[in-house]
Amino acid sequence: MIEFKKVKKSYIEGNKALRGISMQIEDGEFCFLVGPSGSGKSTIIKLITGELKPTSGSVHVNGYSLERIRKREIPYLRRTVGVVFQDFRLIDNMTVYENVAFAMRVVGARTQEIRDRVPYVLDLVGLETKSRRHPGELSGGEQQRLAIARALVNNPSTIIADEPTGNLDPARSMEIMTLLQEINNLGTTMLVVTHEQNLVEHFSNRVITIEDGLITSDRMDGHYVYEDQ
Amino acid sequence: MKINNIGYLLKEGVRGIFLHGFMSFAAVVVTVACLLIVGSFSILVYNVNILVDRLDKTNEVMAYIDEGLSVAEAKQVQTRINLLDNVYKAEFKTREQALEEFVADHEGDSAFSGVQAEDLRHRVVVTLEDNALMEQTVKELYEIEGVVNITASYALAEGFSTLQNVLQIASMVIIAVLLLVSLLIISNTVKMAMYDRKDEIAIMKMVGATNGFIRLPFVVQGFLLGMLGAGLAFGLEWLLYDFLVARIAELDTLRMFQFVPFQQLLVPMVCTFGAAGLFVGVVGSWTSIRKFMNASAK
């Protein structure tokens, strides 16, 4: 579960990124986060992953209180939150299989666990036949699916996708969003930051709109309130 | 640390070395050069210390015994002198033995003809453990009943002591500077490997790798570079030392310098080179990865 209570975040330069946000995303929920650039979406993601601490208010993510989390606990928080980025962030000199296995290896998984789990996850995202390819040999959609596989492989309870379709054409965007919906159907909490109105409205999930550091709308009917300029 | 991670860490450490092959080569070469100089200086200081100690033992204090005492009584004074803490050896000489040595030393010198044993005193030739404490020991000798006069060469004792101190300080400074140079070079090599893999590090952090797990491959890399440098330097030092000692032994003019064989220095040298390699490798990599992790955490 993700819970924000009266969260404010100011940067050292005096910029107020969040000006008192409260929201709760239940386990297993699928939620879109929309809003213009600079509205505070990235700050929310950084607060959830423990990259930032709130200036005031409280943030709870999967049992961790982030306003008082210890530095050494942050890696364990991150194992409960898979992150997918617009620019994929894959390791080019590793194969598809190695990219996913790497994420398991660095959290200390056993070799046998890796051998069992990686093919399963690659199958889930439809890349089982491309496990020996390198990221450079994949299409944009495939690269994003690989990034999703990597975020998924350590079995996190939550996945955060930051503009996951920002670099993809409409058909590939629909594929990726469908994949995220399927993963959510298996029980993973999903928070997707996006600008794509047609996708948001197509999937009819909860939509939280944020503008100028404040939540201006929180609707359960998939209605996209914010009009992109 | 799980056992199944050790193979991974070693593999990553070795990969880091080859990622910047030339820089790793430069780091090993600089480490070898620095440790070779450090080792040579240490051995030189060790040998000079032995030499100075030997020369030091020839710097004797002469304690003259009251002429009113019999030989047996004078020998009791020698026993009391032997009990002093800083006395390495106290050798008793009768006035007759002293005369023999005196005559032998001044053979053919007519000015000293006619000197009788009765003109001289029984004496105790004292060799000290530590000549730096000569002044204190001479005071203690004066307090012993039966000792009427003492001759001691403070200047010579001070000279040896100063020479040893200067050598020790100079060697410590040189060792510290060269270790620092090796440390910086290894630190820089590891830093380059880290910048090369900053994307990987960011992904590792993102998926929940602990800082310790992220650091370890780089520490392993530094350790391997340091130990490789230390091993090569040790081998070269051995060859160089044996070669130089053999050459010096051939020269008559340098007979007074007797160097200990390298085999006798094996254990201390292995420990010194091993510790130095470990220090520059591990500390060098640890400092750079710490800085990098702190910077990337902001």
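Rules behind the numbers
- Residues numbered from 1 in each chain as written.
- Chains lettered and ligands numbered in written order.
- Predicted model: local features only at pLDDT ≥ 70, side-chain atom pairs only at ≥ 80, totals over all residues.
- Helix = DSSP H or I, 4+ residues; strand = E, 2+ residues; numbered from the N terminus.
- Buried ≥ 20, exposed ≤ 12 C-beta atoms within 10 Å, placed from the backbone.
- Contact = placed C-beta atoms within 7 Å.
- Nonpolar A, V, L, I, M, F, W, Y, C, P; charged D, E, K, R; others polar.
- Core = buried A, V, L, I, M, F, W, Y, C linked by C-beta atoms within 7 Å.
- Pairing = 2+ DSSP bridges.
- Axes fitted to C-alpha atoms, helices over the stretch in contact; angles between N-to-C directions.
- Parallel < 35°, antiparallel > 145°, perpendicular 65-115°, else oblique.
- Left-handed = near helix turned anticlockwise from the far one by under 90°.

Caption draft 1: Region of interest: the overall build of chain B. Helix and strand content of chain B: 9 helices and 4 strands. When the elements of chain B are put in sequence order from the N terminus, they spell out α-α-β-α-β-α-β-α-β-α-α-α-α. Scored against the burial criterion, the 298 residues of chain B give a buried share of 31%. Intrachain contacts of chain B at a sequence separation of at least 6 include 86% that bridge at least 24 residues.

Caption draft 2: Structural detail: the interface of chain A and chain B. Counting from both sides, the interface comprises 15 residues of chain A and, opposite them, 14 residues of chain B. For the side of chain A that touches chain B, the elements supplying multiple residues, two or more each, are helix H2 (74-78) and helix H3 (96-105) of chain A. Residue composition of the side of chain A that touches chain B, grouped by class: 7 nonpolar, 3 polar and 5 charged.

Caption draft 3: Expanded view of the nonpolar core. Core analysis: the biggest nonpolar cluster contains 106 residues, and A:Leu33, A:Val100 and A:Ala149 have the highest contact counts within it. Ranked by size, the runner-up nonpolar core spans 14 residues in total, among them B:Val77, B:Val124, B:Val147 and B:Ala152.

Caption draft 4: The arrangement of H3(A) in detail. Of all 10 residues making up H3(A), 9 are buried, and the element is well covered by its neighbours. Listed as buried for H3(A) are A:Val96, A:Tyr97, A:Asn99, A:Val100, A:Ala101, A:Phe102, A:Ala103, A:Met104 and A:Arg105.

Caption draft 5: Structural context of the sheet that holds strand E1 (residues 2-10) of chain A. Residue and element names in this part refer to chain A. Within the open sheet, the 4 strands sit side by side as E2-E1-E4-E5. Their pairing is antiparallel. At either end of the open sheet lies a strand with only one pairing partner, and these are strand E2 (16-25) and strand E5 (64-65). Looking at chain direction, E1 and E2 are connected through 7 bridges and run antiparallel. What sits directly across from Lys-9, in E2, is Leu-18.

Caption draft 6: Structural context of the sheet that holds strand E6 (residues 81-85) of chain A. Residues and elements named next belong to chain A. The sheet built from 6 strands is open, its strands ordered E6-E7-E8-E3-E9-E10 with mixed pairing. Looking along the sheet, the strands with just one partner apiece sit at the ends: E6 and strand E10 (214-219). Here the strands of the sheet are splayed against their neighbours by 15 degrees on average, with no regard to which way each runs. Of the strands in this sheet, strand E3 (30-34), E6, strand E7 (158-162), strand E8 (189-193) and strand E9 (206-211) touch helix H1 (residues 41-48), which is tilted by about 150 degrees from E7.

Caption draft 7: Fine view of the packing of helix H5 (residues 140-152) of chain A against helix H6 (residues 170-185) of chain A. Residues and elements named next belong to chain A. Put simply, H5 and H6 touch, their axes get as near as 9 Å, and they point 20 degrees apart. Considering their axes alone, H5 and H6 lie roughly parallel with respect to each other. Viewed along their axes, H5 and H6 form a crossing whose handedness is right-handed. Contacts between H5 and H6 involve Gly-140, Gly-141, Gln-144, Arg-145, Ile-148 and Leu-152 on the former and, on the latter, Arg-172, Glu-175, Ile-176, Leu-179 and Ile-183. Tallied by class, the residues present in the contact of H5 with H6 amount to 5 nonpolar, 3 polar and 3 charged.

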